[in-house]
Amino acid sequence: MSSSKLPLSFRFYGISPWELEVIYSLLHSLFNVEEIPTTEQYDEFTTMVDITFPLEFNDAFFKWFGNSRWEKTKEILKEMKRRRGGGKSMIVYIKFTGTPSIKFTIESNERQVFDAAIDKIDFILELLQYHLDPKKIPQSITEVSYVFDETNSRWNIEYGIAGDEKYSFSKNEWNII
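Numbering of residues starts from 1 in every chain and runs along the sequence as written. Owing to the predicted nature of the model, reporting of local features is limited to residues with pLDDT of at least 70; listing and counting of side-chain atom pairs is limited to 80 or more, with chain, interface and lining totals taken over all residues. Hydrogens and waters are ignored; side-chain quantities use all the structure's heavy atoms.

Novice: An account of the overall build of the chain is needed here, citing residue identities and associated values.
Specialist: A tally of regular secondary structure across the chain gives five helices and nine strands. Counting helices and strands in the order they occur from the N terminus, the chain gives β-α-β-β-α-α-β-β-α-α-β-β-β-β. As defined in this context, the radius of gyration uses C-alpha atoms, and a globule is described by 2.2 Å times the residue total to the power 0.38. Against the 2.2 N^0.38 benchmark of 16 Å for 177 residues, the chain shows a C-alpha radius of gyration of 16 Å, consistent with a compact globule. Projected onto its principal axes, the C-alpha positions of the chain cover 45 × 40 × 30 Å. For every residue, the accessible area obtained with a 1.4 Å probe (protein chains only) is divided by the maximum for its type, and the residue is called buried under 20%, exposed over 50%, and partly exposed between those limits. Put simply, the chain has 177 residues, and 46% of those count as buried. Whether two residues touch is decided by their heavy atoms; if any such pair falls within 4.5 Å, the residues are in contact. Sequence separation of at least 24 residues holds for 64% of the intrachain contacts in the chain that already meet a minimum separation of 6. Here the chain has roughly 9400 Å² of accessible surface; of this, 48% comes from carbon and sulfur atoms. A gap of 4 Å separates the mean positions of the 21 positive and 27 negative side-chain charges of the chain. The numbering of helices and of strands both runs from the N terminus, where a helix is a DSSP run of H or I of at least 4 residues and a strand a run of E of at least 2. Each accessible area is a Shrake-Rupley result for a 1.4 Å probe, and residues are judged covered by the shown protein chains and nothing else. For the purpose of charge, His is not counted, nor are the chain termini; Lys and Arg are scored as positive and Asp and Glu as negative. For charged residues, the charge sits on one atom: NZ in Lys, CZ in Arg, CG in Asp, CD in Glu.

Given below as structure tokens:
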């Protein structure tokens, strides 16, 4: 990864200046952060955070980003949810560019489930070799979206996108929806 800062997209609404400053300061030392305040509403959520990392979701990212910075990033997101209480108060999108790009959507009403989802994002690293097995994944998939299963307390693939087609992943294989 080069010494010049890569552009990072940070879209948001409904966050305090303090929260904005904390997130910005965590990311600015490594990235050229493009802050994009938006007024577009996402369902009934009072707060939206959308961070797109311009790097692949892999071990190299976490080594480069640093465990301490990753833990601080997770903690600020969990603290934001705690401050807003239960219900549909906050939705978070965390995306990683790459081939395919990886997207996590966190929108739980329950704070404990929200916190678990945040904490378990990096667990997906161990599953990527199975989810993105080149022998099974359609070559044209450009995005894989994960959603947190509250019942089983784990991340599952919600869908994969390939052009105009959407795929599901179940029983260790990809199928057109």
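Novice: How would you summarise the environment of Leu55 if you had to cite specific residues and measurements?
Specialist: Within the secondary structure, Leu55 is located in the loop between strand E3 (47-53) and helix H2 (59-65). Since its relative accessible area comes to 10%, Leu55 is described here as buried. Separated by 41 residues in the primary sequence, Leu55 and Phe96 have C-alpha atoms spaced 5.7 Å apart.

Novice: Before we move on, could you go through the packing of helix H3 (residues 67-84) against helix H4 (residues 111-119) and cite the residues and values that matter?
Specialist: Relative orientation and spacing of two packed helices are given, respectively, by the angle between their axes and the distance between those axes. Note on geometry: axes are lines fitted to C-alpha atoms, helical ones only across the stretch in contact, with angles between N-to-C directions running from 0 to 180 degrees. Where H3 contacts H4, the axes come no closer than 10 Å and their chain directions differ by 165 degrees. Viewed along their axes, H3 and H4 adopt a mutual orientation that is roughly antiparallel. Where H3 crosses over H4, the two elements pack in a sense that is right-handed. Counting all contacts with H3, which are made through Lys74, Leu77, Lys78, Lys81 and Arg82, the residues of H4 involved are Arg111, Phe114, Asp115, Ile118 and Asp119. When grouped by side-chain class, the residues that make up the contact of H3 with H4 number three nonpolar, no polar and seven charged. Roughly parallel means an angle under 35 degrees; roughly antiparallel, over 145; roughly perpendicular, 65 to 115; everything else is oblique. Left-handed describes a crossing in which the near helix is turned anticlockwise from the far one by less than a right angle; the clockwise case is right-handed. Polarity classes work like this: nonpolar for Ala, Val, Leu, Ile, Met, Phe, Trp, Tyr, Cys and Pro, charged for Asp, Glu, Lys and Arg, and polar for all others, with Gly in that last group.

Novice: Give me H4: which residues, what numbers.
Specialist: Residues spaced three or four apart along an α-helix face the same direction, because each turn holds 3.6 residues. Those residues of H4 that fall on the buried side of the exposure criterion are Val113, Phe114, Asp115, Ala116, Ala117 and Ile118. Where H4 is buried, its residues contact H3, strand E4 (90-96), strand E5 (101-106), strand E6 (143-149) and strand E7 (154-162).

Novice: Help me get a handle on the sheet that holds E6, residues and values and all.
Specialist: A pair of strands is labelled paired if DSSP reports no fewer than 2 bridges between them. Spatial strand order, E2-E1-E3-E4-E5-E6-E7-E8-E9: nine strands in an open sheet with mixed pairing. Looking at the sheet topology across the chains shown, the edges are occupied by strand E2 (31-37) and strand E9 (173-176). Averaged over all adjacent pairs, the angle separating strand axes in this sheet is 20 degrees, with direction ignored. One ladder, built from five bridges, connects E5 with E6; its direction is parallel. When the sheet's bridge partners are listed, Lys103 is paired in E6 with Ser145.

Novice: Which residues make up the packing of aromatic side chains, and what values do they have?
Specialist: When the centres of two rings from Phe, Tyr and Trp lie within 6.5 Å, Trp using its six-membered ring, the rings pair. Their planes under 30 degrees apart give stacked, over 60 give edge-to-face, and anything left gives tilted. The full count for this structure, using the stated rule, is 22 aromatic pairs. Plain terms: the ring middles of Phe62 and Trp70 are 4.9 Å apart, the flat faces sit at 90 degrees to each other, and that makes the pair edge-to-face. Note on Trp70: relative accessible area 2%, which makes it buried. Arranged with centres 5.3 Å apart and planes meeting at 20 degrees, the rings of Phe104 and Tyr146 form a pair that is stacked. Note that Phe104 is positioned in strand E5 and Tyr146 in strand E6, a separation of 42 residues in sequence.

Scope: geometric values only; no functional claims are made or implied.
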